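Listed below, chain by chain, are the residues.
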Amino acid sequence: MPILVMKFGGTSVANLDRIARASKRVAREVANGYDVIVIVSAMSGKTNELVGWVGDTSPMYDAREYDAIVSSGENVTAGLMALRLQEMDIPARSWQGWQVPVKTTSAHSSARINEIPNDNIMEKFGEGMRVAVVAGFQGVSPEGRITTLGRGGSDTTAVAFAAAFEAERCDIYTDVDGVYTTDPRLTDKARKLDKIAFEEMLELASLGAKVLQTRSVELAMRYKVKLRVLSSFEEYDPEAGTMVCDEEDIMESKVVAGVAYQRDEAKMTLISVADRPGIASAIFTPLAEAGVNVDMIVQNISEEGRTDMTFSCPVDQVARAERAMAEAKDSGEINFHDLVADTDVAKISVVGIGMRSHTGIAAKMFDVLSAEGINIKVITTSEIKISVLIDRKYMELAVQALHDAFELEKA
Ligand code: ADP
Ligand code: ASP
Ligand code: MG
């Protein structure tokens, strides 16, 4: 029988009623003739609660225990959905990551999937099981310990299963009815897209649109998985949602596809570092070793052999960055006057593959922000995106103004 992967996010399994509702969707696809692999998240709020408990117990926690604890929310929803389906007379059973097994690297809390052998689940399908309910977000390391895939990781579990089982499609059920031109929670002018190109979705996801985990889009692109995002709350409609697809499958696309934002960024500036060969390496190697995810980097013009170096990173990594820089200074690897952290910034990005062939998008973006009196602190660009760092208090305003200026509410 053809295989379908259906993933339900936290709000779609937030309580027993929602699990029952999701189970009805699964039952319908079983009736349509599919063997179904369901990937479930933890009930909404659960993973945050577990993460909080870890931090309250042990601030410098052991990452292996973090994963053992934080992965547990998914086990509950997987078991509950299997039970609900059994109550509906559908042969179903739950699977934890290690049982499949979902084989990952040993990078605890941000592991990557290496392999998903499909024989165990296929054997059960062969024996009459119709639904495998798999706990998302988790796997098992070569050392045999439980791992997790980073926040939002159940999306990646779902796409990886779709690839490993050559599923006909991977449906991501969530609390919005598709991918929008920007976060629909930020402006009611956001428009749902029927289709979006992999490259654009990849940029939007990595620039903050959390509707899909970035890695899931990468995998779908690489393995040609048919990926759809849709709502678990709306009535069943086979045409619903947004298809993430190849650029060639989109007849007409706009120059700018969407606007993304990242709320919790920080801008760090090393004041007066020696401008000499190797200085960037001397700064960014210790930051990388300390696990700081540096994003934007700007080096100023130097004066009398000294310069300022600015970089951005997530706000919760500022303390780690400060420690790494202080240590590098103490050991004499770098020498700087001061390290200034601005923890009240946000990153706004406009994304679109049309930018490859259209000029003037950056100028227009800067115009729009200037007309709103918003100061740009750092700029970076790539072939299909432009990102700026601005004061966080202007984040909503900037997103709305850019959405208006690029006329994204119009099809
Ligand atoms: P789930 O728990 O189902 O995985 P998430 O909360 O991870 O759901 O992702 C869905 C959320 O992503 C939406 O509620 C929405 O606020 C947010 N979001 C951000 N940008 C976008 C976008 N461009 N299109 C749709 N949703 C977006
Ligand atoms: N429950 C995990 C999280 O909240 C994984 C997921 O839902 O995708 O990040
Ligand atoms: Mg998610």
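Within any chain, residue numbers begin from 1 and follow the written order of that chain's sequence. Each chain gets a letter, beginning with A, and each ligand a number, beginning with 1, in the order they are written. The predicted nature of this model means local features are confined to residues of pLDDT at least 70 and side-chain atom pairs, given and counted, to a pLDDT of 80 or more, with totals for whole chains, interfaces and linings taken over all residues. Hydrogens and water molecules were not included; the side-chain quantities draw on all heavy atoms of the structure.

**Details of the pairing of strand β17 (residues 378–382)**
Side-chain positions along a regular strand alternate between the two faces of the sheet. Direction of pairing for β17 relative to strand β18 (residues 385–391): antiparallel, over a ladder of five bridges. Bridged to T380 within β18 is S387. Here, a strand pair is defined by DSSP locating no fewer than two bridges between the strands. Secondary structure elements follow DSSP: runs of H or I of four or more residues count as helices, runs of E of two or more count as strands, with numbering from the N terminus. Taken together, β17 and the strand that follows it, β18, pair antiparallel across an intervening segment of two residues.

**Here's the deal with helix α4 (residues 72–87)**
Helix length check: α4, at 16 residues, gives a terminal C-alpha distance of 23 Å against a target of 22 Å (1.5 Å per residue), a fit within 8%. Every buried residue of α4 is accounted for by G73, E74, T77, A78, M81, A82 and L85. Seen along its axis, α4 keeps its buried residues to an arc of 160°; they face one direction. Note on α4: the residue one or two positions beyond its end, D89, has a positive phi of about 65°. The span you would expect from a helix comes to 1.5 Å times its residue count less one. Burial classification: accessible surface area is computed with a 1.4 Å probe over protein chains only, and a residue below 20% of its type maximum counts as buried, one above 50% as exposed, and the rest as partly exposed. Throughout, the arc means that of the directions going from the helix axis to the C-beta atoms.

**Some thoughts on the side chain of E200**
By the element assignment, E200 lies in helix α7 (residues 198–206). For E200, which is buried and forms no salt bridge, the nearest opposite charge comes from R356, at a distance of 8.0 Å. By the convention used here, residues are in contact when the closest approach between their heavy atoms is within 4.5 Å. Ignoring sequence-local partners within four residues, the contact set of E200 consists of A257, V351, G352, I353 and I384. By the counting scheme adopted, Arg and Lys are positive, Glu and Asp are negative, and His together with the chain ends is not counted. We define a salt bridge as a side-chain nitrogen of Lys or Arg found within 4 Å of a carboxyl oxygen belonging to Asp or Glu.

**Some words on the site of ligand 1**
When at least one non-hydrogen atom of a residue lies within 4 Å of a molecule or strand, that residue is treated as near it. Around ligand 1, the structure places 16 residues, and the nearest of them are T174, D175, Y180, D183 and R185. The contact in question runs from a nitrogen atom of ligand 1 to an N or O atom on the backbone of Y180, over 2.9 Å. Residues are sorted three ways: Asp, Glu, Lys and Arg are charged, Ala, Val, Leu, Ile, Met, Phe, Trp, Tyr, Cys and Pro are nonpolar, and all the rest, Gly among them, are polar. Of the residues contributing to the shell around ligand 1, the split by class is six nonpolar, five polar and five charged. Two N or O atoms form a polar contact when they lie within 3.5 Å of each other; inside protein one atom must be a possible hydrogen donor and the other a possible acceptor, and for residues adjacent in sequence the pair counts only when both atoms belong to side chains.

**A short note on the packing of helix α6 (residues 154–164) against helix α8 (residues 214–223)**
Angular values range over 0 to 180 degrees, each being the angle between N-to-C directions of two axes fitted as lines to C-alpha atoms, with helices fitted over their stretch in contact. Interaxial distance between α6 and α8 falls to 8 Å at its minimum, and their mutual angle equals 15°. As far as their axial angle goes, α8 and α6 are roughly parallel. Between α6 and α8 the crossing geometry is left-handed. Residues D155, T156, V159, A160 and A163 of α6 form the contact with α8, whose own contacting residues are R215, S216, L219, A220 and Y223. Looking at the contact of α6 with α8 residue by residue, the classes come out as six nonpolar, two polar and two charged. Orientation is classified from the angle alone, with under 35 degrees giving roughly parallel, over 145 giving roughly antiparallel, 65 to 115 giving roughly perpendicular, and any other angle giving oblique. A crossing counts as left-handed when the near helix is turned anticlockwise from the far one by less than a right angle, and as right-handed when that turn is clockwise.

**A word on the nonpolar core**
Here, nonpolar core means buried Ala, Val, Leu, Ile, Met, Phe, Trp, Tyr and Cys residues that are tied together by side-chain atoms lying within 4.5 Å of each other. Judged by nonpolar contacts, the single largest core of 43 residues is most densely connected at V5, I37, I121, V134, F161, C170 and M201. For this core, the element with the highest residue contribution is α6, accounting for five residues. When residues no more than four places from it in sequence are discounted, the contact partners of F161 are V5, I37, I39, V100, V102, I116, I121 and V134. The next biggest cluster of nonpolar side chains, apart from the first, holds 24 residues, and it includes V30, V36, L85 and V131.

**Some words on the site of ligand 2**
S41, A42, T47, E74, F137, R151, G152, G153 and S154 make up every residue found near ligand 2. In the environment of ligand 2, a nitrogen atom lies 2.7 Å from a nitrogen or oxygen atom belonging to the side chain of E74. R151 is positioned such that a nitrogen or oxygen atom in its side chain is 2.7 Å from an oxygen atom of ligand 2. For ligand 2, whose free accessible area comes to 260 Å², the fraction covered by protein is 86%. Residue classes in the shell around ligand 2 are distributed as two nonpolar, five polar and two charged. For every accessible area listed, the method is Shrake-Rupley and the probe measures 1.4 Å; residues are considered covered only by the protein chains on display.

**Focus on the pattern of salt bridges**
Evaluation of the coordinates by the stated rule reveals 21 salt bridges. Residues D155 and K7 are paired through a salt bridge, measuring 2.7 Å at the closest nitrogen-oxygen approach. With a gap of 148 residues between them, D155 in helix α6 and K7 in strand β1 (residues 3–8) connect regions that are remote in the sequence. There is no split in this pair, since D155 and K7 are both buried.

**Concerning the pairing of strand β2 (residues 35–40)**
Burial within β2 is extensive, with six of its six residues counted as buried. The side-chain alternation of β2 yields two buried faces, one formed by D35, I37 and I39 and the other by V36, V38 and V40. Bridging between β1 and β2 involves six bridges; their strand directions are parallel. Residue pairing for β2: I3 is matched across the bridge by D35. By convention, a crossover is right-handed whenever its connection, traced from the first strand over the helix to the second and viewed with the strands pointing away, goes clockwise. Crossover connection from β1 via helix α1 (residues 16–31) to parallel β2: handedness right-handed.

**Re the sheet that holds strand β3 (residues 92–95)**
If you walk across this open sheet you meet the eight strands as β3-β6-β2-β1-β9-β11-β12-β10, and the pairing is mixed. The strands lining the two open edges of the sheet, one partner per strand, are β3 and β10 (195–197). Strand-to-strand twist across the sheet, computed as the mean angle between neighbouring axes with direction ignored, equals 20°.

**What about the sheet that holds strand β13 (residues 258–274)?**
Sheet architecture is open: six strands sit in the order β14-β15-β13-β16-β18-β17, paired in antiparallel fashion. Sheet topology places β14 (297–299) and β17 at the edges, where each strand pairs with a single neighbour. Within the sheet, the average angular offset between the axes of one strand and its neighbour, ignoring direction, is 25°. Pairing of β13 with strand β16 (residues 338–351) involves eleven bridges; the strand directions are antiparallel.

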